[in-house]
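# A closer look at the structure
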Amino acid sequence: MEIRIRNVRKEFERYPALHGVSLDIHSGELIALLGPSGSGKTTLLRLIAGLEWPTEGSIFFGEDDASSMNVQERNIGFVFQSYALFKHMTVADNIGFGLRVRPRGARPPSAEIRRRASELLDLVQLSGLESRFPAQLSGGQRQRVALARALAIEPRVLLLDEPFGALDAKVRRELRQWLRELHDKTGHTTVFVTHDQEEALELADRVVVMSQGRIEQVGTPDEIYDRPNSPFVFSFIGETSELPASVADGRVSIDGQSVDIGVAGVADGAARLLMRPNGIDVVEERPGTIAGDVIAVRRSGGWRRVELLIGAGRHRVEVELPVDATQNLTGRLHILPRHWQLYPAVALSQASLGASLPATE
């Protein structure tokens, strides 16, 4: 099922939650709506589901305008962060609930509902637990039951709202891999909301980055991470350090010192140099490098995080190095970014996507 969202605006008591959002979701695609709190991602998901109505604009399921359809007519499978399981029902009864409450003419026989619940328990790897109640399950198991219940009605679209937000980090990682494998088996058009960048990049075919009720960028995980098209996307995806810079005659300077990075296509003037800890090299002292004073060295898994203070403004920059790095990590270090983006200083607002002009790395 293809979903087309056209110029959707949503207001709550005259407060705009979405501003003219348009998006195409391809059939069988796994899409992540990613953004901070208040970005509009959950509102957009609820509009697709029919739990909210757009103030303006339209939502199409295939060629059908779904804007006037209710939840039942849209045939949506929805998985809530809180699971929303019925405590007094067994696992099997929870899974079959959506089929049992259908109108009499559309309701499958009881034996068919039990068979469908059993198949889905196999699919979500919970066979043998059909007689248990939600209170007897772990958080990860409850989330699988919630997903099986959403799949039981054979939905045209599967929607998930922060599906792993209530789980601990280890269980989240396990369920992310499982959900991707499940999606590949079933082929449902799937949209999930998350504020977790790692989750979105690992799971999704494409990521929709949102901020302040607008879509900032849509792309594959590689495009979003490696080629962010605005300062907001760069700083929101992954970890980021930033230095104030200036551009003149094709050269970049920091605190009046020229730096050996290219600036093709960036106008002269004040600028912002954005870079990631894993995209910075520690180099020998020479003209064209950036000097900083080491203030902290921390172990982070298989890496060391080196924190530097740079320039008269004492700007903090973090550098990620292998644990077995041979550099002396005390005193003063010289660095050069290996991957970076350079933006005009006017692109200060999170919403100023159109003003940003990224340089070629």
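Now for a quick tour of the structure. (Residues numbered from 1 in each chain as written. Predicted model: local features only at pLDDT ≥ 70, side-chain atom pairs only at ≥ 80, totals over all residues. Heavy atoms only, no water.)

## Regarding the overall build of the chain
Per the secondary structure count, the chain includes nine helices and 20 strands. Taken along its principal axes, the extent of the C-alpha atoms in the chain is 80 × 45 × 35 Å. Every one of the 361 residues in the chain was classed for burial, and the buried ones make up 48%. Here the analysis covers contacts within the chain between residues at least 6 apart in sequence; of these, 65% occur between residues at least 24 apart. Charge-centre separation for the chain: the mean point of 42 positive side chains lies 7 Å from the mean point of 47 negative side chains. (Helix = DSSP H or I, 4+ residues; strand = E, 2+ residues; numbered from the N terminus. Buried < 20%, exposed > 50% of the residue type's maximum accessible area, 1.4 Å probe, protein only. Contact = heavy atoms within 4.5 Å. Lys, Arg positive; Asp, Glu negative; His and termini not counted. Charge placed at Lys NZ, Arg CZ, Asp CG, Glu CD.)

## Thoughts on the pairing of strand β7 (residues 157-161)
Judged by how many residues are buried, β7 sits mostly within the fold: five of five residues are covered. Residues Val157, Leu159 and Asp161 of β7 are buried on one face, and the alternating residues Leu158 and Leu160, pointing to the opposite face, are buried as well. Note: strand β6 (residues 76-79) against β7, four bridges, orientation parallel. Pairing of Ile76 across the sheet is with Val157, part of β7. Taken together, the five bridges between β7 and strand β8 (residues 189-194) define a ladder with parallel strand orientation. Within β8, the residue paired with Leu158 across the bridge is Thr190. (Pairing = 2+ DSSP bridges.)

## A look at helix α3 (residues 91-100)
The α-helix winds at 3.6 residues per turn, so residues separated by three or four positions along the chain end up facing the same way. For α3, the set of buried residues is Val91, Asn94, Ile95, Gly96 and Leu99. Where α3 is buried, its residues touch α4 (110-123) and α5 (139-152).

## Concerning the packing of aromatic side chains
Evaluated as defined, the whole model comprises three aromatic pairs. Both rings, one in Phe86 and one in Phe97, keep their centres 4.6 Å apart while their planes meet at 50 degrees; by these two values the pair is tilted. Taken together, the positions of Phe86 in the loop between β6 and α3 and Phe97 in helix α3 put the pair 11 residues apart, joining distant regions of the chain. Note on Phe86: relative accessible area 28%, which makes it partly exposed. Seen from their ring centres, Phe232 and Phe236 are 5.5 Å apart, and the 15 degrees between their planes marks the pair as stacked. You can see Phe232 and its partner Phe236 sitting in helix α9 (residues 231-236), four residues apart, about one turn around the helix. The class of Phe232 is buried, set by a relative accessible area of 4%. The ring of Phe12 carries the charged tip of Lys10 above its face, separated from the ring centre by 4.9 Å. (Phe/Tyr/Trp six-rings, centres within 6.5 Å; stacked < 30°, edge-to-face > 60°. Lys NZ or Arg CZ within 6 Å of the ring centre and 35° of its normal.)

## Some words on the pattern of salt bridges
Applying the stated criterion across every chain yields a total of 26 salt bridges. For Arg314, the salt bridge identified is with Asp293, shortest N-O distance 3.2 Å. Of this pair, Arg314 sits in the loop between β17 (303-310) and β18 (315-322) while Asp293 is found in strand β16 (residues 290-300), placing the two residues 21 residues apart along the sequence. Looking at Arg314, the relative accessible area reads 41%, which means it is partly exposed. Via salt bridges that share partners, Glu239, Arg298, Arg305, Glu307, Arg316, Glu318 and Glu320 belong to a single interconnected network. (Salt bridge = Lys/Arg side-chain N within 4 Å of Asp/Glu carboxyl O.)

## A word on the sheet that holds β17
The five strands lie next to each other as β15-β19-β16-β17-β18, forming an open sheet whose pairing is antiparallel. One side of each edge strand has no neighbouring strand; the edge strands of this open sheet are β15 (280-283) and β18. Taken pair by pair, the neighbouring strands of this sheet meet at an average axis angle of 45 degrees, ignoring direction. Examined bridge by bridge, β16 and strand β19 (residues 332-337) share four bridges and lie antiparallel to one another. Counterpart to Ile290 in the pairing with β19 is Ile335. (Axes fitted to C-alpha atoms, helices over the stretch in contact; angles between N-to-C directions.)

## Observations concerning the side chain of Glu29
Within the secondary structure, Glu29 is located in the loop between β2 (15-25) and β3 (30-34). A distance of 2.5 Å separates the side chain of Glu29 from the side chain of Arg206, its partner in a polar contact. If near-sequence neighbours (up to four positions away) are discounted, Glu29 is found in contact with His183, His188, Thr189, Thr190, Asp205 and Arg206. (Polar contact = N/O pair within 3.5 Å; in protein donor to acceptor, adjacent residues only side chain to side chain.)

## Observations regarding the environment of Lys87
Structurally, the position occupied by Lys87 is in the loop between β6 and α3. Taking the C-alpha atoms as reference, Lys87 lies 6.6 Å from Phe133; in sequence the two are 46 residues apart. Leaving out residues up to four positions away in the same chain, Lys87 has contacts with Phe133 and Pro134.

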